[in-house]
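Examination of the molecular architecture
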Amino acid sequence: RRSPQFHPLRFPSDELRSMCGRFALTANASTLSAHFDTEIRITLTPRFNIAPSQKILVIRVHPQQQTKQQTQQQKRESASLQWGLIPSWADDRSIGARLTNARAETAAAKPSFRDSFRRRRCLIPAHGFYEWTTSEKRKQPYFIRLISNEPFGIGGLWDSWEDNGERIETCTILTCAANQAMQHLHQRMPVVIQPERYDAWLSPATELKNLSQDLLPFSDETTSISQVSDYVNDVRHDSIRCQTPYSDSNQAKVRHKAQLPTASQKLLFQK
């Protein structure tokens, strides 16, 4: 179960950083069931400030159906997984805090992610995600979503870890280069799988060379970015107030002076 290749010092520094990340999912089960073409069996409440280590909704092919035969009959299922991937071979669950994100460009080759990338891909439903800039020692949050305000599927990976009879299923979010619309905020953003590619993305029968077309953000034309209240900065807050538009007579000046996050700012999609 545990790989002899693993050693903590072999992880690149950007994957060793623990980080704070947030996204939101506020759609009801009916809307998500229709969008992802599967029955949502998880009890849902609107969530405005989802953070690492919490349980999150994922859509995947049922583990018992992950074969290369009968791929057209494979059914999707909803599941609740812990955000922060623990590889099946890991000696300690604490590694999950460092593996909340995976770079799409290298996930297929990294020991922590490569097996999941090949066989255990998933979709992580979201309505939008947050990023921060720093200006004059002030952290300004932004909420990034589709202009249509529809839910979308973030590309993710999952794994199952066992220790002394305890089984934990965990996941990570894939990231890619940011589109031009949000490059002024950050250089990375989540991979967003197009609905017509959901089947191919979820199927373990899909050849890896055919997945490169999926490892992209949503387009500039469909991206909406809004400054929001710093109420979201506190992980304990989880209400519609997290998305209250930021109001300040000096708003334009603040945006102009905004800088890319520094290395000390531990943000979602930093990898």
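Check the entry above for the structure.
Residues numbered from 1 in each chain as written. Predicted model: local features only at pLDDT ≥ 70, side-chain atom pairs only at ≥ 80, totals over all residues. Heavy atoms only, no water.

1. A closer look at the overall build of the chain
Scanning the chain from terminus to terminus reveals five helices and 13 strands. Looking at the chain as a whole, 49% of its 271 residues qualify as buried. Once local pairs closer than 6 in sequence are excluded, the contacts in the chain between residues at least 24 apart make up 71%. Of the accessible surface of the chain, which amounts to about 13100 Å², a share of 46% is contributed by carbon and sulfur atoms. (Helix = DSSP H or I, 4+ residues; strand = E, 2+ residues; numbered from the N terminus. Buried < 20%, exposed > 50% of the residue type's maximum accessible area, 1.4 Å probe, protein only. Contact = heavy atoms within 4.5 Å. Areas by Shrake-Rupley, 256 points an atom, 1.4 Å probe, with all protein chains shown as cover.)

2. Considerations on the side chain of Asp159
Tracing the chain through its elements places Asp159 in strand S9 (residues 152-163). A distance of 3.1 Å separates a polar side-chain atom of Asp159 from the backbone nitrogen of Ser88. A polar side-chain atom of Asp159 sits 3.3 Å from a polar atom in the side chain of Arg120. What Asp159 contacts, discounting residues up to four positions off in sequence, is Leu85, Ile86, Pro87, Ser88, Ser116, Arg120, Ile168, Glu169 and Thr170. (Polar contact = N/O pair within 3.5 Å; in protein donor to acceptor, adjacent residues only side chain to side chain.)

3. Comments concerning unusual backbone geometry
Note: most residues except glycine have negative phi, and most peptide bonds are trans. In this model, Asp37 sits at a positive phi of 55°, which is unusual for a non-glycine residue. Of note, Asp37 is situated in the loop between helix H2 (29-36) and strand S2 (47-50). Even without a glycine there, the phi angle at Ser53 is positive, about 80°. For Ser53, the location among the structural elements is in the loop between S2 and strand S3 (55-61). What makes Ser53 exposed here is its relative accessible area of 54%.

4. Concerning the pattern of salt bridges
Going through the model one piece at a time under the given rule, you end up with 13 salt bridges. As a salt-bridge pair, Asp115 and Arg119 come within 2.8 Å of each other at their nearest N and O atoms. Taken together, the residues Asp115 and Arg119, both in helix H3 (residues 114-119) and four residues apart, mark about one turn of the helix. Across the pair Asp115 and Arg120 runs a salt bridge whose closest N-O atoms are separated by 2.8 Å. For Asp115, a relative accessible area of 30% translates into the label partly exposed. (Salt bridge = Lys/Arg side-chain N within 4 Å of Asp/Glu carboxyl O.)

5. So, the nonpolar core
Of all hydrophobic cores here, the largest spans 56 residues; its most connected members are Phe23, Ile124, Leu174 and Trp201. Not counting residues within four places of it along the chain, the set of residues in contact with Trp201 comprises Phe117, Arg121, Cys122, Leu123, Gly155, Gly156, Leu174, Ile193, Leu211, Asp214 and Leu215. Ala24, Phe48, Phe143 and Cys242 belong to the second largest nonpolar core, which has nine residues in total. (Core = buried A, V, L, I, M, F, W, Y, C linked by side-chain atoms within 4.5 Å.)

6. Digging into the pairing of strand S8 (residues 138-146)
Across eight bridges, the pairing between strand S7 (residues 128-135) and S8 is antiparallel. Bridge pairing in S8 places Trp132 opposite Pro141. Between S7 and S8, which pair antiparallel in sequence order, lie two residues; one of them, Glu136, sits at a positive phi of approximately 50°. Relative to strand S13 (residues 223-227), S8 runs antiparallel, the two sharing five bridges. Paired with Tyr142 across the two strands is Gln227, which belongs to S13. (Pairing = 2+ DSSP bridges.)

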